[in-house]
Each structure stands twice: as C-alpha cells, then as structure tokens.
Amino acid sequence: MSVKVEHLTSQSEELWTVRFGIRRVQFRHERCARDFAAKLKERIEAPHSYPQMASNGTG
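Quick caveat: nothing in here was measured; it's all calculated off a predicted structure. (Residues numbered from 1 in each chain as written. Predicted model: local features only at pLDDT ≥ 70, side-chain atom pairs only at ≥ 80, totals over all residues. Heavy atoms only, no water.)

A. A look at the environment of Glu 6. Among the structural elements, Glu 6 can be located in strand 1 (residues 3-9). Contact partners of Glu 6, with chain neighbours within four places excluded, come to Leu 15, Trp 16, Thr 17, Arg 19 and Arg 24. At 2.8 Å, the side chain of Glu 6 forms a polar contact with the side chain of Arg 19. (Helix = DSSP H or I, 4+ residues; strand = E, 2+ residues; numbered from the N terminus. Contact = heavy atoms within 4.5 Å. Polar contact = N/O pair within 3.5 Å; in protein donor to acceptor, adjacent residues only side chain to side chain.)

Structure follows, in structure tokens:
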C-alpha cells in the first residue's frame with residue numbers, strides 16, 4: 001500500500017495530508033504528518049502472521 005504525504009494550501013491555513021489507499025488524514029504540521037506516515041508505513045511493512053483456525057474435531 002502506498003503512503004504519501006502531500007502539502008495542501010488553503011486560504012486560511014496550510015495543511016498536510018497523509019494518503020493511504022482511499023483514506024486521507026489531515027494534519028496542521030508537516031512533522032506530525034511525516035511522523036504518522038512513517039509509523040503507518042512501518043506497521044504496514046511489519047511481518048504479520050495469520051491466525052490459524054482451531055481444530056475442534058467436528059469436521
């Protein structure tokens with residue numbers, strides 16, 4: 001999954017958006033956006049194990 005940080009400029013304030021998939025999260029400070037994006041990317045890329053179905057002997 002792609003994680004991108006984008007700078008937005010509106011008439012009233014600067015905003016930073018972190019985009020991942022179809023979701024967007026907005027921040028008022030670049031550092032906060034970049035920290036969030038780094039942590040998100042770290043979690044996405046972390047090894048994951050899939051839970052195994054418990055065998056109860058009924059099938």
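B. Fine view of the nonpolar core. If you look at the biggest cluster of nonpolar residues, it comprises eight residues: Val 3, Trp 16, Val 18, Phe 20, Phe 27, Ala 33, Ala 37 and Leu 40. Listing elements by their share of this core, those giving two or more residues are strand 2 (14-20) and helix 1 (30-45). (Core = buried A, V, L, I, M, F, W, Y, C linked by side-chain atoms within 4.5 Å. Buried < 20%, exposed > 50% of the residue type's maximum accessible area, 1.4 Å probe, protein only.)

C. Highlighting helix 1. With 16 residues, helix 1 extends 22 Å from end C-alpha to end C-alpha; this agrees with the ideal 22 Å at 1.5 Å per step. Within the span of helix 1, buried status applies to Ala 33, Ala 37 and Leu 40. The arc that holds every buried residue of helix 1, seen down its axis, measures 70°, which confines them to one face. Facing away from the buried surface of helix 1 by more than 90 degrees, the exposed residues are Arg 31, Glu 42 and Arg 43. The secondary structure elements touched by the buried residues of helix 1 are strand 1, strand 2 and strand 3 (23-27). (Expected span 1.5 Å × (residues − 1). Arc of directions from axis to C-beta.)

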